[in-house]
Amino acid sequence: MKITLLNKKYIFLFLSLLSGLGLMAQTAAIKGTVKDKETSQPVEDVVVSIEKTNTHFHTDAAGNFNFEAMPAGIYELDFNKFGYEKQTISITLAENQTQEVNILLVFNAKSLKVVDVQSDRPTSAASSKFLSQVDFENRPKNSAQDMLRLVPGLFIAQHAGGGKAEQIFIRGFDCDHGTDVATFVDGMPVNMPSHGHGQGYEDLHFLIPEVVQGMDVFKGPYAPQYGNFATGAAVQFNTVDTLDHNLVQLETGYVPNVSNITAKRGLGLLQLPDLGSRITSYVAVDVLNNRGYFQNSQDFNRISVFSKTVFNLNDHSTIKFSAGGFGSSWNASGQVPERAVNSGYISRFGSIDNSEGGTTQRNNFNLTYNTKLPKGSEFETQVYAATYRFKLFSDFTFYLEDPIHGDEIEQDDNRSIRGLNAHYTVPHKLGNMNNKFTLGTSFRADDIENQLWHAEKRTRLEIRANAIIHERSTGVYANEVFRFSEHFRAELGLRYDYFIFDVDDLLKTDSTHTNYSGYNYQTLLSPKLNLIYTATDHLQLFFNAGSGYHSNDARSVVQQPNVHTLPRAVGAEVGALAHLGNKFVVSAAAWWMDLENELVYVGDDGTTENHGPSRRMGIDLSARLQLTSWLYADVDVNLAKNRFIDTLFGVQLKTDYYLPLAPIATSAGGLTIKLKNGFEAGIRYRYMAARPANESNSVTARGYNVVDLTANYKIRKIKIGLVIENLLNTEWNEAQFDTESRLPFESKSVDELNFTPGTPFAAKIILGYIF
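The model shown is predicted, which means the values in this text are computed figures rather than measured ones.

Participant: Sorry if this is basic, but what is going on with the environment of Glu-408 here?
Facilitator: Topologically, Glu-408 is positioned in the loop between strand S22 (378-394) and strand S23 (409-430). Classification of Glu-408 as buried rests on a relative accessible area of 1%. For Glu-408, the contacting residues outside a window of four places in its chain are Asp-353, Ser-355, Glu-356, Phe-393, Ser-394, Asp-395, Trp-453, His-454, Ala-455, Glu-456, Lys-457 and Arg-458. A distance of 3.4 Å separates a polar side-chain atom of Glu-408 from the backbone nitrogen of Lys-457.

Now the structure itself:
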């Protein structure tokens, strides 16, 4: 049969009509906005899913979602986000119809029933991120240190009069003062590379806890946006953009073994008025004086100031500028040998050298621009700068090296810091998947002057180290989120880091010193993989794997560049997060990590110790339970096995294989009461098991179990609080080290446990006025 040109024209028109009808049948849409019911502010990253399908959407910064090309029918839409009660609506969609809906979600983070394991939070150690959010809402926060303890399995120890950065323990790491925990405040790094006292030194004392809105926690080296020091964990603190209220608060503390008031604190929070409809700004001031519980007064004085201004340029773009600083000075009783206490030479709260202590200050400036682009894209760039001064007097060995003047040292670190962070995120289609791609970069420059002095009673005797360090680091990372279905999601990330180390040793070469001036650069490529499978509405399984690193001190790098590289950390974890009923959430994770080299810069004598590769493996268990509408319980149990190995991925050494001070068993938990009349209270314990203090386990760091109590009551504009540390007055060691030392009356040295005693029973009363 012949088909004429006219027939071909009619056939083409007929097929075009059918195609057009098909397209018209697919032009219906559902779109809308999700807002907070109480504040009327848009809610970002709400998971909007269509039941019985693999279709879901994530709201953008304006709270918008949009399902296009939908066939006619009846749809059930679920709206889920952590901290908000789940909401479900039914929509009947006709052909060619665009249905618009406005959803108001109810915020209720105090109840565990709001938890939805399907929400699309970043995956890395997903259980840790979720649990820290729950704890932040439900547990009291009395200091920056208290907020660090919100990280499941993280323990801290103070051993220098309150002003020195805390020693940190997590997942089998004795992180010293931050070597394996990367910490940030509003994206600005806290850790200090090539620090005069220890690599990655992390002093959070500038942070005022009352202005912190929340925190993000990522255990392990699995998040591509975090580079240096993010081996054990990365912790991001986020400050509030505006204050809910103004506050003036006074605190006073008392310890029975000290005759007078031991601590005084004043706090002021002020929201600045009349800055226009698109500008908000506030100021916070925190002043502290603490005598401490030692025989010799710590005389710890600190003042912290913080201000933040937010410019809402339009509905999609904001500029945030914050400035803050702190300064502190203190005395310290140091770490004392057990034999000195047991013999009665000093009391438990006495000291061998009462001239220990120090001063420090830091000033921070932070500017961030964020804009939400069409179709859910986002661009953010940040620049920051800081100045830092540090002086620390310590005496660990007493008269071991110098029987006449003693072994006191002075460590100085003066530096300026400049940096930039930026990332661009774009959602996109890959086949039928709604994926998200992120490309980011970071740059940091530290210009440092470090000095080490031999001193006596804070008087300089001779200089032992003096160096100018210029350290630069640049990182680039990419991350693709593959949403294979509503139930299965994968993240594939890759990070590249480039370091420059430039050291000028100002001391001349002589019989006691070899000049180590030098220049070196190092690079590292770190892949990341994160998988999350949501088996049911109440069960989520996750698997994370990848590599990370912590940098080494620049002085050690230029001395032995072939040995002191960027030591790679390779690890993995597998676990589950389960919601059992409406009021019980449990999490379990089994993890493993190999570290290429345990390189430790010993700031006390300006040298680097090479301890070789190591392996850590363990189990993290956590549970959160809503017993009643007003009573909340939580518990964490963390077990670890830590050993030196012969090579990366190798076998355990036959002797001297223990990692000194690495935690092997820890647990923390408690009960929290929150009543509608404004009364809140909590009782908590923290337990750390005894552990090896050296490689041979010939000296043991003693375990402890300490119980704390808190209570707060708000009535109208008045806030009253009570904090009791060490409720049972337990005798415990906060910081412990295996140290060889010599007392002034001894003819030879002794190697044994030296310790800083933990807080005895101590009470603090809080009185605040809200306006």
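Participant: I would appreciate a short explanation of the packing of aromatic side chains in the present structure.
Facilitator: Within a pair of aromatic rings, the relevant descriptors are the distance that separates the centres and the angle that separates the planes. Counted by the stated rule, this structure contains 21 aromatic pairs. Taking the centre distance of 6.3 Å and the plane angle of 75° together, the rings of Phe-294 and Phe-349 count as edge-to-face. Here Phe-294, found in the loop between strand S17 (279-290) and strand S18 (300-312), pairs with Phe-349, found in the loop between helix H4 (338-342) and strand S21 (356-372); they are 55 residues apart in sequence, far enough to count as distant. Accessibility expressed as a relative area gives 6% for Phe-294, which makes it buried. Residue Phe-349 is classed as buried on the basis of its relative accessible area of 18%.

Participant: I would appreciate a short explanation of the side chain of Thr-438 in the present structure.
Facilitator: Along the chain, Thr-438 turns up in strand S24 (residues 433-456). For Thr-438, a relative accessible area of 14% gives the class buried. A polar atom in the side chain of Thr-438 sits 3.0 Å from the side chain of Thr-425. Ignoring anything within four residues of it in the chain, the contact list for Thr-438 reads His-423, Tyr-424, Thr-425, Tyr-477, Ala-478 and Asn-479.

Participant: Just checking my understanding: could you explain the sheet that holds strand S41 (residues 733-741) for this structure?
Facilitator: In a beta sheet, neighbouring strands pair by backbone hydrogen bonds and run either parallel or antiparallel. The strand order across the open sheet built from three strands is S20-S42-S41, with neighbouring strands paired in antiparallel fashion. The sheet is open, and its two borders are formed by strand S20 (336-337) and S41, each paired with just one other strand.

Participant: Help me out: how do you make sense of the sheet that holds strand S9 (residues 167-170) in this one?
Facilitator: Spatially, S8-S9-S10 is the arrangement adopted by the three strands of the open sheet, whose pairing is antiparallel. Two strands in the sheet have a free side with no partner beyond their single neighbour: strand S8 (155-157) and strand S10 (173-174). The sheet contact formed by S8 and S9 spans three bridges and is antiparallel. By the bridge assignment for S9, Ile-156 is matched with Ile-168.

The rules behind these values
- Residues numbered from 1 in each chain as written.
- Predicted model: local features only at pLDDT ≥ 70, side-chain atom pairs only at ≥ 80, totals over all residues.
- Heavy atoms only, no water.
- Helix = DSSP H or I, 4+ residues; strand = E, 2+ residues; numbered from the N terminus.
- Buried < 20%, exposed > 50% of the residue type's maximum accessible area, 1.4 Å probe, protein only.
- Contact = heavy atoms within 4.5 Å.
- Polar contact = N/O pair within 3.5 Å; in protein donor to acceptor, adjacent residues only side chain to side chain.
- Phe/Tyr/Trp six-rings, centres within 6.5 Å; stacked < 30°, edge-to-face > 60°.
- Pairing = 2+ DSSP bridges.

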